[in-house]
Amino acid sequence: MSDYDIIIIGTGAGGGTLARYLAPSGKRILLLERGDWLPREPPNWSAHDVFVDNRYVSEDTWFDERDRPFQPQVHYFVGGATKLYGAALYRLRAEDFGELSHHDGMSPAWPIGYDEMEPYYTMAEQLYCVHGARGEDPTEPPASAPYPFPAVSHEPRIQQLHDDLEATGHRPFHAPCGVMLAEADMPNSACVRCATCDGFPCLVHAKSDAEVLGVRPALAQPNVHLVTRAEAVGLETNAAGTTVTGVVVDHDGTTETHTADLVVVSCGAANSAKLLLASASDAHPNGLANGSDLVGRNYMFHNSAAVLALSREPNPTVFQKTLGLNDFYFRGGDVDYPLGNIQMVGKSSAEMYRGEKPLQTRLAPEWTLRDVAHHAVDFWLSTEDLPRPENRVTLRSDGRIALAYTPSNEEPKRQLLGELKRLLAPLGMHHDHMHVRHAYLKNDIPVAGCAHQAGTCRFGRDAAASVLNTDCRAHEVDNLYVVDTSFFPSIGAVNPALTAMANALRVGDHLLERLGARRGRPEAAHA
Ligand SMILES: Cc1cc2nc3c(=O)[nH]c(=O)nc-3n(C[C@H](O)[C@H](O)[C@H](O)COP(=O)(O)OP(=O)(O)OC[C@H]3O[C@@H](n4cnc5c(N)ncnc54)[C@H](O)[C@@H]3O)c2cc1C
Ligand code: SF4
């Protein structure tokens, strides 16, 4: 008999959500997490510690296609990347599930439609306490329920931007936010609405991350067990290669093997591909479940830019990530192809500029940078990154990750920036005063900014053209599932975490059925 009914490897958006959903079933569940609990400490909210010293970035080294080492911006903690994320919890658009023609080619259709994902998006919005307002975003897909919590209000400068954009015929909307904020009852609000949210851990555990709303509630059940500092390094199978028989773990330097009837991999797109590739055997010579040769391929991470606009008036906004604009999501002003999504990013600060451009800012007096920050209005632009087989994760001979990547849709990305400049020029933010920043990044190697990584184990109906079936089970291995963003066949142009969470719930229903357990319905957790 196996030690567990299910082993879940990785506790981020995919794995942490799945753990919470399966926990009430009573099934014996083991969570394996290579990282530790993220310490709650004053540096959580220090821009210097987070952006200059990269305190919470892993010490992993990956290599680009020319074998140059870089430090990927990944976060190995209970809760995964969601510990640091901006908690902008968007649904993909219904059209993203179909084929979409882009400047650089076709974004492929998903094997399931939006209607199949919709109930799980609704459930994920409940579980992750999403605040928002339906009916404002012209590209919003249909939803079977309102947002569980009201939209986070704009502060005056962002409200002014909203009103100005609306006055020029645009359709700005309140961005969907996963923060446990009770604006009508601030004395009892978990979230204190601070300036150190996007890119920072939440010191008071009020961000809707996968530790706070996934792993911790799961561990409240006696049947769920977590091992931290436990990196899965290999998956063993039976001789035919049809069943995973053991998960080999490096636990604090000691090798352990755990067994379970079902094994779910959720290590993040690059590390899940790494684990499967590292689990090659006679039955799977190219890597486990890799008969299609697609494990590691089609890596996507959004073609994004952080843009700092200098406003004539000061911008004293504290929590800035409240506004989005999808007017160019499906087409630009002059072109009939998608450009992407515009949203606010966390308010920038002098310390962040030092972290992003250490050389250029070394001699800059503090007051100059503070002055810039005082007038900065910060935007985040995302253009869809198309799946390309040659953009891929492979393993070097020393077992470390090599990432070959060339961006797609550069022209629409440029045009989206052009649209933003046109919008802002009459609003006191002239285009001469706009700079593309490397937010979340300390260096200039674009592949290091892998916050939105996805696509390395795409799901599909055809075993020759996908790694996973529509239940996210490996075509070739009966008890192996993948529930992180690896399964995405395309990435759309909105942030990916809610889709990973919703899909984990969808796969969770399949797993519960397979285990003969009852389905659950988690409810929104904050007041
Ligand atoms: C700074 C930042 C801001 C972001 N902002 C947003 C946002 O506003 N909205 C949004 O939707 N998305 C955002 N994202 C992206 C979002 O966080 C990710 O898309 C999401 O967390 C991906 O979920 P995942 O389950 O695929 O991987 P992760 O959440 O990264 O989880 C993977 C987990 O697996 C663990 N792991 C890795 N390898 C192993 C192994 N071999 N053995 C055991 N454990 C392992 C890792 O430690 C980690 O805990 C942001 C990300 C970052 C970094
Ligand atoms: S804004 Fe709220 S959720 Fe975000 S870090 Fe601050 S207290 Fe936490």
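What you see is a predicted model, and the numbers here were worked out from it, not measured in a lab. (Residues numbered from 1 in each chain as written. Chains lettered and ligands numbered in written order. Predicted model: local features only at pLDDT ≥ 70, side-chain atom pairs only at ≥ 80, totals over all residues. Heavy atoms only, no water.)

**Topic: the overall build of the protein**
Looking only at helices and strands, the protein has 11 helices and 20 strands in total. Dimensions of the protein along its principal axes, counting C-alpha atoms only, are 70 × 50 × 45 Å. For the protein, with 527 residues in total, the buried portion stands at 62%. Summarising the internal contacts of the protein: among those between residues at least 6 apart in sequence, 73% fall at separations of at least 24. Roughly 19200 Å² of accessible area belongs to the protein as shown, and the carbon and sulfur atoms make up 52% of that amount. For the protein, the distance from the average site of its 46 positive side-chain charges to the average site of its 66 negative ones is 2 Å. (Helix = DSSP H or I, 4+ residues; strand = E, 2+ residues; numbered from the N terminus. Buried < 20%, exposed > 50% of the residue type's maximum accessible area, 1.4 Å probe, protein only. Contact = heavy atoms within 4.5 Å. Areas by Shrake-Rupley, 256 points an atom, 1.4 Å probe, with all protein chains shown as cover. Lys, Arg positive; Asp, Glu negative; His and termini not counted. Charge placed at Lys NZ, Arg CZ, Asp CG, Glu CD.)

**As for the packing of helix α1 (residues 13-22) against helix α11 (residues 497-514)**
Two elements in contact, α1 and α11, have axes whose closest approach is 8 Å; the angle formed by their N-to-C orientations is 40°. Classified by the interaxial angle, the pair formed by α1 and α11 is oblique. The hand of the α1/α11 crossing is right-handed. Residue-level contacts link A13, G14, T17, L18, Y21 and L22 of α1 to A497, A500, M501, A504, L505, G508, D509, L511 and L512 of α11. The residue makeup of the contact of α1 with α11, split by class, is 11 nonpolar, three polar and one charged. (Axes fitted to C-alpha atoms, helices over the stretch in contact; angles between N-to-C directions. Parallel < 35°, antiparallel > 145°, perpendicular 65-115°, else oblique. Left-handed = near helix turned anticlockwise from the far one by under 90°. Nonpolar A, V, L, I, M, F, W, Y, C, P; charged D, E, K, R; others polar.)

**Considerations on helix α10 (residues 410-424)**
Compared with an ideal rise of 1.5 Å per residue, which puts 15 residues at 21 Å, α10 spans 21 Å between its outermost C-alpha atoms and is within 8% of the ideal. Of the residues making up α10, those classed as buried are P412, Q415, L416, L417, E419, L420, L423 and L424. (Expected span 1.5 Å × (residues − 1).)

**Quick notes on the site of ligand 2**
With respect to spatial proximity, 13 residues lie near ligand 2, and among them C191, V192, C194, C197 and C202 are the closest. Residues that form the shell around ligand 2 fall into these classes: 10 nonpolar, one polar and two charged. (Near = heavy atom within 4 Å.)

**Topic: the site of ligand 1**
Close contacts around ligand 1 come from 36 residues, with G14, E33, G86, A88 and A497 the closest. One of the backbone nitrogen or oxygen atoms of G86 is found 2.9 Å away from a nitrogen atom of ligand 1. A87 is positioned with one of its backbone polar atoms (N or O) 3.1 Å from an oxygen atom of ligand 1. Compared with its free state, where it exposes 1000 Å², ligand 1 has 96% of that area covered by protein. (Polar contact = N/O pair within 3.5 Å; in protein donor to acceptor, adjacent residues only side chain to side chain.)

**As for the confidence of the model for the protein**
With 93% of its residues at a pLDDT of 70 or more, the protein has an overall mean of 93. The low-confidence segment residues 440-445 (pLDDT under 50) makes 25 contacts with residues lying over four places distant or belonging to another chain. (pLDDT = per-residue confidence, 0-100.)

**A short note on unusual backbone geometry**
One non-glycine residue, A87, adopts positive backbone phi at about 60°. For R229, which is not glycine, the phi dihedral falls at a positive 50°. Along the chain, R229 turns up in the loop between β8 (224-227) and β9 (230-237). R229 sits in the partly exposed class, given a relative accessible area of 36%.

**A word on α1**
Of all the 10 residues making up α1, 10 are buried; the element is thus mostly covered by neighbouring parts of the structure. For α1, every residue scored as buried is listed here: A13, G14, G15, G16, T17, L18, A19, R20, Y21 and L22.

**Some remarks on the side chain of R506**
Among the structural elements, R506 can be located in helix α11. Of note is the side chain of R506, whose polar atom sits 2.9 Å from the side chain of N503. Residues in contact with R506, not counting those within four places in the same chain, are I112, E116, M117, Y120, F459, T470 and C472.

**With respect to the sheet that holds strand β12 (residues 260-265)**
Taking strand neighbours across the sheet as the criterion, the five strands line up as β8-β2-β1-β12-β20 in an open arrangement whose pairing is parallel. A strand with exactly one partner marks an edge of an open sheet, and here the two such strands are β8 and β20 (480-482). Strand after strand, the sheet turns through a mean of 20° between neighbouring axes, direction not considered. Two strands pair when backbone bridges link them, and strand β1 (residues 4-9) and β12 are joined in this way by five bridges, in the parallel orientation. From the neighbouring strand, I6 faces β12, where its bridge partner is L262. Against the sheet, α1 engages β1, β2 (29-32) and β12, with an angle of about 155° to β1. (Pairing = 2+ DSSP bridges.)

**Brief notes about the sheet that holds strand β11 (residues 254-258)**
Here we have three strands laid out as an open sheet, ordered β9-β10-β11, and antiparallel in their pairing. Since the sheet does not close on itself, it has two edges, and those belong to β9 and β11, each with one partner. This sheet shows a mean twist of 25° between the axes of neighbouring strands, independent of strand direction. The pairing of β9 with strand β10 (residues 244-251) spans seven bridges and is classified as antiparallel. Directly across from E231, in β10, lies its bridge partner D250.

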